[in-house]
Amino acid sequence: MTSPLWQFLSPSEDATVDLGRRIGAACRGGEVILLDGPLGAGKTCFAGGLAAGLGIDEPAVSPTFVILRSYRGDRGLTLHHFDFYRLGGEGDLDTIGFEDCLTDDAVVLIEWPERCPSLFEQFTLALKLEVIDEASRRITAWPGLLAHEHLVEK
């Protein structure tokens, strides 16, 4: 991976949600965002903010057991939120319709992308969430080959 674009020290869940909201508001469609971090790192908080930034009114909940949840926003973009934690590998992607979600009017958010590493040679933005303490998180961003200029600054 290249050098990080930026790091953000989030002092609270609200700040993590707000970062997600700002990134969601900058999305134009066609983005693939990878979200890495341990359980409890704030991935769902970030996803909720991203959804809000896309104009999605309903709460974005973790798709852990269903693998995919899709939400349509009032900006005309659909958020496809994947959780690959329970996938056995890249062969499972054919059964969940992953390729069908990669469209210009969608934003794809993937938790646990390391379950299918070779699939993500091309992405827009990769975010790693690290737990600092009970409330604080360090969020580091890397650009991908599909990086859009409008998403490379926080």
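Data block above holds the structure.
A few points on the structure. As the structure is a computational prediction, the values presented were derived from the model and not from experiment.

On to the overall build of the protein, then. Per the secondary structure count, the protein includes three helices and seven strands. Reading the protein from its N terminus to its C terminus gives the helix and strand order β-α-β-α-β-β-α-β-β-β. Residues classed as buried in the protein amount to 47% of the 154 residues present. When the accessible area of the protein is evaluated, it comes to approximately 7600 Å², of which 50% is carbon and sulfur surface.

Our focus in this paragraph is the pairing of strand E6 (residues 125-131). Inspection of the sheet shows strand E2 (residues 32-36) paired to E6 by four bridges, in the parallel sense. In the strand pairing of E6, Leu 34 is matched with Ala 126. Summarising the sheet, E6 and strand E7 (residues 137-143) pair through seven bridges and their orientation is antiparallel. Pairing of Leu 129 across the sheet is with Ile 139, part of E7. Where E6 folds back onto E7 in an antiparallel hairpin, the turn is made up of five residues.

This part takes up the nonpolar core. Counting residues in hydrophobic clusters, the biggest one holds 26 residues, and the most contacted among them are Ile 23, Ile 33, Leu 50, Leu 79 and Leu 127. Of all the secondary structure elements, the ones that give two or more residues to this core are strand E1 (6-10), helix H1 (13-26), E2, helix H2 (43-53), strand E5 (106-111), E6 and E7. It is H2 that contributes the most residues to this core, four residues altogether.

The rules behind each value
Residues numbered from 1 in each chain as written. Predicted model: local features only at pLDDT ≥ 70, side-chain atom pairs only at ≥ 80, totals over all residues. Heavy atoms only, no water. Helix = DSSP H or I, 4+ residues; strand = E, 2+ residues; numbered from the N terminus. Buried < 20%, exposed > 50% of the residue type's maximum accessible area, 1.4 Å probe, protein only. Areas by Shrake-Rupley, 256 points an atom, 1.4 Å probe, with all protein chains shown as cover. Pairing = 2+ DSSP bridges. Core = buried A, V, L, I, M, F, W, Y, C linked by side-chain atoms within 4.5 Å.

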